[in-house]
Amino acid sequence: MRLLLLPLRQIYRGLVWLANSPRTLILSYLMLILVCALLYPVFEPSESFGDALWWAVVTASTVGYGDEAPKSLEGRMMAGLLISIMVLLVVPLITAHFASKLIVDHDAFKHEEQEELKENLRRVRQLLEELAERQGITSPGSAAPPSEPPGR
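All values reported here derive from a predicted model rather than from experimental measurement.

**Student:** Looking at this structure, I do not really get the nonpolar core. What am I missing?
**Tutor:** Inside soluble globular proteins, nonpolar side chains tend to come together where they are buried. Judged by nonpolar contacts, the single largest core of 14 residues is most densely connected at Cys36, Trp55, Ala56, Leu82 and Met86. Of all the elements in the fold, those that place two or more residues in this core are helix 2 (22-43), helix 3 (49-60) and helix 4 (73-102). The contacts of Cys36, once residues within four sequence positions are left out, are Trp55, Ala56, Met78 and Leu82.

Here's what the structure looks like:
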């Protein structure tokens, strides 16, 4: 079972890597457009590279003006794949990246501040325990039975 899930884990890691790097995300978008623009004239021989590039951009953006459309089965399959990749992967990853940058809690504690607070709480707890011990008071949850307050 673990062996069957390995490719899915690798795909997931690749997507996380893409999503966390805007440069690689934009580069992969541009490469996808370029590869499709280079393949388009192979499947549609009557088209120039300029028309193929225009087709790839229009198709990837899902605008689809209709001025350039593949007629061959291979060209249509490539168009379907390009649209699917853009709609299901690239656009959501770009959106998620920018949304995560907008939803930043500037009031959140940094790691160093969290560690300082934890240390301060440990010290306060230690001081409270020392004070309680001097007063003869046991803290809730301790195993020792409550002692009688001094002076009674």
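From this point, things continue past the structure.
**Student:** In this structure, what is going on with unusual backbone geometry? I would like to understand it.
**Tutor:** A positive phi is found at Thr62, a non-glycine position, where the angle reads about 55°. As for its placement among the helices and strands, Thr62 is situated in the loop between helix 3 and helix 4. The exposure class assigned to Thr62 is partly exposed, which follows from its relative accessible area of 45%.

**Student:** Help me out: how do you make sense of the packing of aromatic side chains in this one?
**Tutor:** Both the distance between ring centres and the angle between the ring planes are used here to describe each pair of aromatic rings. Scanning the entire structure with this criterion turns up two aromatic pairs. Look at Tyr40 and Trp55: their rings are 4.2 Å apart centre to centre, the planes differ by 15°, and that puts the pair in the stacked class. One end of the pair, Tyr40, is in helix 2; the other, Trp55, is in helix 3, and 15 residues separate them in sequence. Among the residues examined, Tyr40 registers a relative accessible area of 0% and is labelled buried. With centroids separated by 5.9 Å and ring planes inclined at 5°, the aromatic side chains of Trp54 and Tyr65 adopt a geometry described as stacked.

So, how was this worked out
- Residues numbered from 1 in each chain as written.
- Predicted model: local features only at pLDDT ≥ 70, side-chain atom pairs only at ≥ 80, totals over all residues.
- Heavy atoms only, no water.
- Core = buried A, V, L, I, M, F, W, Y, C linked by side-chain atoms within 4.5 Å.
- Buried < 20%, exposed > 50% of the residue type's maximum accessible area, 1.4 Å probe, protein only.
- Helix = DSSP H or I, 4+ residues; strand = E, 2+ residues; numbered from the N terminus.
- Contact = heavy atoms within 4.5 Å.
- Phe/Tyr/Trp six-rings, centres within 6.5 Å; stacked < 30°, edge-to-face > 60°.

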